[in-house]
Amino acid sequence: QVQLVESGGGLVQAGGSLRLSCAASGIIFSINAMGWYRQAPGKQRELVAVTSSGGSTNYADSVKGRFTISRDNAKNTVYLQMNSLKPEDTAVYYCNADLSTFARKNYWGQGTQVTVSS
């Protein structure tokens, strides 16, 4: 059974930094895209950043220049370095992976809270 385990959330002041990690475990044949989404109270879940197996990346306009997504394929882990955090970045951050076990499927982590105080 595949699991995505996130870590690194917390409380930080505006202008500060946090680094999120997400490790995929289980029987995994290949990982296609891995990424991060977030959901603030009363809002829909939105894409933050995604990276493909080839290394290409895509970011939400609201985080460009502040957040960096990276990936360690040997560890089946994706990271999100978040700098210059703003109160509007406050949300639950979810890891997402498009990967193949015995079938190709999309998986979600349990979510980690990020709170940015002003």
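Please refer to the structure placed before this passage.
Conventions we followed
Residues numbered from 1 in each chain as written. Predicted model: local features only at pLDDT ≥ 70, side-chain atom pairs only at ≥ 80, totals over all residues. Heavy atoms only, no water. Helix = DSSP H or I, 4+ residues; strand = E, 2+ residues; numbered from the N terminus. Rg over C-alpha atoms; globule rule 2.2 N^0.38 Å. Buried < 20%, exposed > 50% of the residue type's maximum accessible area, 1.4 Å probe, protein only. Polar contact = N/O pair within 3.5 Å; in protein donor to acceptor, adjacent residues only side chain to side chain. Contact = heavy atoms within 4.5 Å. Disulfide = S-S within 2.5 Å.

(A) Structural detail: the overall build of the protein. Secondary structure assignment for the protein yields zero helices and eleven strands. Put simply, the protein runs from its N terminus to its C terminus through helices and strands in the order β-β-β-β-β-β-β-β-β-β-β. Computed over C-alpha atoms, the radius of gyration of the protein comes to 14 Å, within 12% of the 13 Å expected from 2.2 N^0.38 for 118 residues, which places it in the range of a compact globule. Taken across its 118 residues, the protein has 42% of its residues classed as buried.

(B) Local environment of the side chain of Asp-98. Position of Asp-98 relative to the elements: it lies in strand β9 (residues 91-100). Within the structure, the side chain of Asp-98 is placed 2.6 Å from the side chain of Arg-104, a separation counted as a polar contact. Excluding residues that lie within four positions of it along the chain, Asp-98 makes contacts with Ile-31, Asn-32, Ala-33, Arg-104, Lys-105 and Asn-106.

(C) Seen up close, the state of the cysteines. For the structure on display, the rule yields one disulfide. Covalently, Cys-22 is tied to Cys-95 through a disulfide, its sulfur atoms 2.1 Å apart. Between Cys-22 and Cys-95 the disulfide shows an S-S torsion of about -80°. By sign, it is left-handed. Note that Cys-22 is positioned in strand β3 (residues 18-25) and Cys-95 in strand β9, a separation of 73 residues in sequence. The burial state of Cys-22 is the same as that of Cys-95; both residues are buried.

Any link to function would need more than the numbers given here.
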